[in-house]
Amino acid sequence: MYVQVALNRKIGDGDKLLTYRVPVEWEQRLRPGMAVSVPLRRETLEGVAISITPDPPDDVSEEQIRDLMAVNEGPPLLTPDLLRLAQWISQYYICPLFIAIQAMLPAGLVLSGRPPQNRMENCYALAETQFSSKTTEKRRALIEYLQQHGECTAQQLAAAGFDAAFLYRCQKAGLVTSRRQRRDTKQTEGFVQETVLSPAQQRVYQKIIDEIQGKNRPVLLHGEAGSGKTEIYGKLIQHVAAQGGQAIVLIPEIALAGQMMDMLQRRFSLPVAVLHSALSGSERRLLWQDIAAGKYQVAVGPRSALFAPFANLRLIVVDEEQESSYKQETQPRFHGVTAARMRARLNGAALVLGSATPSVESYYLAEQGVYALATLKGQYYASPATAVTVVDMRRELRQGNTAMFSRVLRQALEKNLAQGCQSILFLNRRGYYHFFFCRDCGHTITCPHCAVAMAYHGNRATGVLKCHYCGAVITAPSRCPHCGSSHIRRFGAGVQRVAEEAQRLLPQARILRLDSDMAEDRQAYRRVCQAMRRGEADILVGTQMLAKGLDFPGVTLAAVMAADSMLNLPDWRAGERTFQLISQLCGRAGRRKVQGRAIVQTYTPTALPVVAAAAHDYQKFYQAELADRRERDYPPFCRLIRLMFLSKTPATAEAYARQAVENLRRSPCNWQIIGPSEAPFAKINDWYRWQILLKFKDFSLLRQRLQDLHTALCREPIRFLIDVDPFSLL
């Protein structure tokens with residue numbers, strides 16, 4: 001027998017599987033998807049068995065083939081459907097197979113090796129030799145206990161009164177034998193709280209069940225914020241679990257895992273695995289193995305949880321399907337929704353995409369009948385829709401108010417605080433100030449490694465300049481480094497300044513901040529969320545993390561500080577992202593029986609995304625956005641691929657980009673080439689960036705051309721990146 005192995009290392013210029021001979025003793029045990037150890041030159045490498053054949057490939061001679069060195073214990077790391085999914089990702093996103101496989105395995109997972117010692121435990125059993133003398137009363141008690149219960153772990157015996165030192169002496173005396181085994185992962189089970197669906201929820205639930213039992217198309221669940229989509233998720237999981245099936249629930253942020261877990265554990269007594277990057281390497285490995293061994297029926301996590309090795313997967317739920325975090329920005333640049341569609345198809349599983357503000361592409365597919373559409377209207381707690389006020393900041397300026405807080409917002413905050421209610425303030429900018437600017441020469445302080453303005457972090461008096469792309473930090477200058485002028489000023493408020501200004505206006509308020517700087521500290525993030533839920537904070541200031549499904553029952557006021565900061569981004573999704581973020585943030589206010597209020601501050605109050613979000617009118621936004629994309633030929637009316645050329649010198653990046661355009665234009669394929677041009681951020685982390693955008697409709701003709709281009713550029717002194725279906729062009 002022979003096995004083809006994908007190694008955890010790039011071999012040569014392309015995507016290469018190596019063939020090895022399977023020793024006789026492993027022929028019965030080896031299966032595709034298992035982790036193996038193989039020799040390569042003078043090294044021992046790890047890999048995954050992809051396929052097993054009785055004969056070697058025709059292009060490999062018998063003399064070149066070496067023997068497999070080891071097959072790891074335990075079930076396969078990748079199920080057959082995951083192996084097929086990896087091959088699909090490799091082809092669709094034009095990346096080597098081993099990179100697709102590595103993306104499936106949890107970050108930091110080592111393919112081989114023993115479980116760490118702190119996850120092992122001793123098990124004790126009676127020795128075959130029977131003792132009739134020199135047996136103390138305690139030893140007789142141990143014998144009786146083991147005769148009654150059989151082999152027991154050290155933890156079980158300790159609970160029965162037999163400590164480790166006593167067991168060690170018994171083992172030395174030959175009374176018991178011990179062996180080491182892996183400690184079972186603790187499975188968290190919740191108490192069952194029966195889910196009672198409203199009539200509207202029941203109709204949507206039954207429609208999804210009918211679709212699953214019929215055509216089994218992906219279902220787009222379009223439900224207003226607070227309408228109870230999560231309750232339907234739980235009922236669907238119960239349905240598939242009752243039939244012995246398994247389910248995956250994808251969430252846009254790791255931070256939401258705890259919230260989703262709480263809901264699921266209140267709804268059914270099933271072990272739920274949470275897959276996320278906050279776990280240590282050993283925890284990820286053990287959890288992954290336990291899932292493969294069938295110890296869990298539900299997995300929850302961000303996009304990587306899609307690859308949980310379930311053998312009987314019957315349901316995939318993608319919550320907040322419109323979120324950009326489902327798109328991976330490193331190889332393989334897959335989108336979680338697209339990959340979920342393929343995995344559901346490979347398994348014959350149901351796919352449910354939930355959102356209060358679906359992506360334009362998903363809603364269009366529902367209109368075309370590719371997806372089934374289930375619409376859920378109204379609030380689960382029957383509260384009135386959030387009242388939205390749009391504040392024209394131009395009028396505020398004309399009336400002499402130059403502060404970042406409009407008078408309407410200031411009064412609303414004061415009233416909310418006096419009533420003992422909570423508020424959230426949203427601004428999609430980290431830091432204290434957005435940039436440093438010289439008023440004499442117009443110079444902006446940019447990162448020395450990136451073509452990006454550096455943001456001011458700290459407070460008004462002391463702070464540093466930080467790059468949000470490469471992480472570089474420099475001291476804030478007192479004079480312009482370009483002209484030497486002392487007239488250098490800080491402009492553009494960030495969330496730190498908003499929090500400070502809110503504290504100045506409301507000194508008695510308890511104010512917390514939540515952004516990606518805070519989220520790096522998992523404990524700090526958890527403390528902020530717990531304080532809000534316990535009512536220990538009055539105002540929460542944060543970035544777009546606030547809009548991603550967080551549920552704080554005490555929040556009755558939500559405010560968008562500057563809607564224009566999102567609307568004016570140089571990206572084709574800017575209008576869509578603005579509408580979604582405003583709508584999602586409005587949905588955070590008044591999520592129980594009290595009507596919430598939202599305030600949107602903007603200098604463009606007539607912009608359609610702002611007007612539609614304020615009116616809770618998805619259809620108005622969708623129809624206008626769809627017409628605009630049809631006119632400009634953007635998805636869903638075409639497909640996009642972004643080609644990136646990165647070099648340490650700008651001339652090299654430009655030269656290769658222009659050469660690639662000439663090669664592409666010589667091809668007979670029907671596509672539109674835009675560029676080459678500098679990327680919107682022309683330099684990131686000392687790499688100069690040029691890009692080409694391709695618009696097309698038939699991917700089959702284009703794929704091979706791009707694969708050939710990728711193979712040719714692998715040998716050149718340049719980094720070449722292919723981004724299929726880019727979510728953003730920034």
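Below, the structure is looked at part by part. As the structure is a computational prediction, the values presented were derived from the model and not from experiment.

This brings us to the overall build of the protein. Scanning the protein from N- to C-terminus turns up 22 helices and 31 strands. Counting the 730 residues in the protein, one finds 52% classified as buried. In the protein, 76% of the contacts between residues at least 6 apart in sequence involve partners at least 24 apart. On the protein, roughly 32600 Å² of surface is accessible, and the fraction owed to carbon and sulfur atoms is 49%.

Structurally, Leu 581 is set in helix H18 (residues 574–586). As for Leu 581 and Pro 609, which are separated by 28 residues in sequence, their C-alpha atoms are 10.0 Å apart.

Let's shift gears to the sheet that holds strand E14 (residues 313–319). As a general point, the strands of a sheet are linked pairwise by backbone hydrogen bonds and lie either parallel or antiparallel. Taken together, the 7 strands give an open sheet; going across it, the order is E12-E13-E11-E14-E15-E10-E16, and neighbouring strands pair in parallel fashion. The sheet is open, and its two borders are formed by strand E12 (272–274) and strand E16 (372–376), each paired with just one other strand. Averaged over all pairs of adjacent strands, the angle between strand axes in this sheet comes to 20°, irrespective of strand direction. For E14 and strand E15 (residues 350–355), the ladder comprises 5 bridges, and the chain directions are parallel. Across the sheet, Leu 315 pairs through a bridge with Ala 350, a residue of E15. Its contacts with the sheet place helix H6 (residues 199–213) against strand E10 (219–223), E15 and E16, and it is angled at close to 170° to E16.

Now for the packing of aromatic side chains. Tallied over the entire structure, the rule returns 17 aromatic pairs. When the centroid spacing of 6.0 Å and the interplanar angle of 55° are considered together, the rings of Phe 579 and Tyr 618 count as tilted. Of this pair, Phe 579 sits in helix H18 while Tyr 618 sits in helix H20 (residues 618–632), and the two are 39 residues apart along the sequence. Residue Phe 579 is classed as buried on the basis of its relative accessible area, which comes to 2%. A relative accessible area of 7% means that Tyr 618 is categorised as buried. Note on Tyr 618 and Tyr 622: the rings are 5.9 Å apart at their centroids and 15° apart in plane angle, and the pair reads as stacked. Within this pair, Tyr 618 and its partner Tyr 622 are both found in helix H20, separated by 4 residues, close to a single helical turn. Look at Tyr 622 and you get buried, because its relative accessible area is 0%. Among the aromatic residues, ring-to-ring pairing joins Trp 88, Tyr 92, Tyr 93, Phe 696 and Phe 699 into one connected group. Positioned above the aromatic ring of Phe 166, the side-chain terminus of Lys 138 is 4.6 Å from the ring centre.

Strand order in the open sheet formed by 6 strands is E17-E27-E26-E18-E25-E24, with parallel pairing between adjacent strands. For this open sheet the edge positions go to strand E17 (387–392) and strand E24 (511–514), each flanked by a neighbour on one side alone. Going from strand to strand, the sheet's axes swing by 20° on average, the running direction of each strand aside. Bridge count for E17 against strand E27 (residues 597–602) is 6 bridges, and the pairing is parallel. Residue pairing across strands places Val 391 opposite Gln 601, the latter belonging to E27. Each of E17, strand E18 (422–426), strand E25 (539–542), strand E26 (555–560) and E27 is contacted by helix H13 (residues 407–418), which is oriented at about 155° to E27, the strand it contacts most.

On to the environment of Ala 524, then. Its location among the elements puts Ala 524 in helix H16 (residues 522–533). Classification of Ala 524 as buried rests on a relative accessible area of 10%. Expressed as a C-alpha distance, the spacing of Ala 524 and Leu 514, which sit 10 residues apart in the sequence, is 9.2 Å.

Across the interface, H6 lies against helix H7 (residues 229–242) with an axial gap of 10 Å and an inter-helix angle of 40°. With respect to each other, H6 and H7 are oriented oblique. When you trace H6 past H7, the crossing you get is right-handed. Across the interface between the two elements, Gln 201, Val 204, Tyr 205, Ile 208, Ile 209 and Gln 213 from H6 touch Glu 231, Ile 232, Lys 235, Leu 236 and His 239 from H7.

For the α-helix, the turn length of 3.6 residues means that residues three or four positions removed from each other point alike. For H6, with 15 residues, the first-to-last C-alpha span of 21 Å sits near the 21 Å given by 1.5 Å per residue. Those residues of H6 that fall on the buried side of the exposure criterion are Gln 201, Val 204, Tyr 205, Ile 208, Ile 209 and Glu 211. All buried residues of H6 project into a common sector of 160° when viewed along the axis, lining one side. Facing away from the buried surface of H6 by more than 90 degrees, the exposed residues are Pro 199, Arg 203 and Gln 213.

Any two side chains of opposite charge can pair, on the condition that their charged atoms come close. Going through the model one piece at a time under the given rule, you end up with 22 salt bridges. When the shortest N-O distance is used, the salt bridge between Asp 67 and Arg 21 registers 2.8 Å. On the criterion of sequence distance, the pair formed by Asp 67 in strand E5 (residues 66–67) and Arg 21 in strand E2 (residues 18–21) is long-range, its members being 46 residues apart. Residue class for Asp 67 comes out partly exposed when judged on its relative accessible area of 37%. Its salt-bridge partner being Glu 361, residue Arg 629 comes within 3.5 Å of it at the nearest N-O pair.

What follows covers H13. With 12 residues, H13 extends 17 Å from end C-alpha to end C-alpha; this agrees with the ideal 16 Å at 1.5 Å per step. Within the span of H13, buried status applies to Leu 409, Ala 412, Leu 413, Asn 416 and Leu 417. The arc that holds the buried residues of H13, viewed along the axis, is 130°, so those residues lie on one side. Turned more than 90 degrees away from the buried face of H13 sit Gln 411, Lys 415 and Ala 418, all of them exposed. If you follow the buried residues of H13, they end up packed against E18, E25, E26 and E27.

Turning our attention to the pairing of strand E3 (residues 35–40). Extensive coverage of E3 is indicated by the burial of 6 of its 6 residues. Where burial is concerned, the two faces of E3 agree: the one with Ala 35, Ser 37 and Pro 39 and the one with Val 36, Val 38 and Leu 40 are both buried. Bridge analysis of E3 against strand E4 (residues 43–53) gives 6 bridges, and the strand direction is antiparallel. Each residue of the ladder has a partner; that of Pro 39, found in E4, is Thr 44. Here E3 hands over to E4 after 2 residues, with Arg 41 in that stretch at a positive phi of 55°. In this structure, E3 lies alongside strand E6 (residues 70–71), joined through 2 bridges in antiparallel fashion. Bridging across to E6, Ser 37 finds its partner in Ala 70.

The rules behind these values
- Residues numbered from 1 in each chain as written.
- Predicted model: local features only at pLDDT ≥ 70, side-chain atom pairs only at ≥ 80, totals over all residues.
- Heavy atoms only, no water.
- Helix = DSSP H or I, 4+ residues; strand = E, 2+ residues; numbered from the N terminus.
- Buried < 20%, exposed > 50% of the residue type's maximum accessible area, 1.4 Å probe, protein only.
- Contact = heavy atoms within 4.5 Å.
- Areas by Shrake-Rupley, 256 points an atom, 1.4 Å probe, with all protein chains shown as cover.
- Pairing = 2+ DSSP bridges.
- Axes fitted to C-alpha atoms, helices over the stretch in contact; angles between N-to-C directions.
- Phe/Tyr/Trp six-rings, centres within 6.5 Å; stacked < 30°, edge-to-face > 60°.
- Lys NZ or Arg CZ within 6 Å of the ring centre and 35° of its normal.
- Parallel < 35°, antiparallel > 145°, perpendicular 65-115°, else oblique.
- Left-handed = near helix turned anticlockwise from the far one by under 90°.
- Expected span 1.5 Å × (residues − 1).
- Arc of directions from axis to C-beta.
- Salt bridge = Lys/Arg side-chain N within 4 Å of Asp/Glu carboxyl O.

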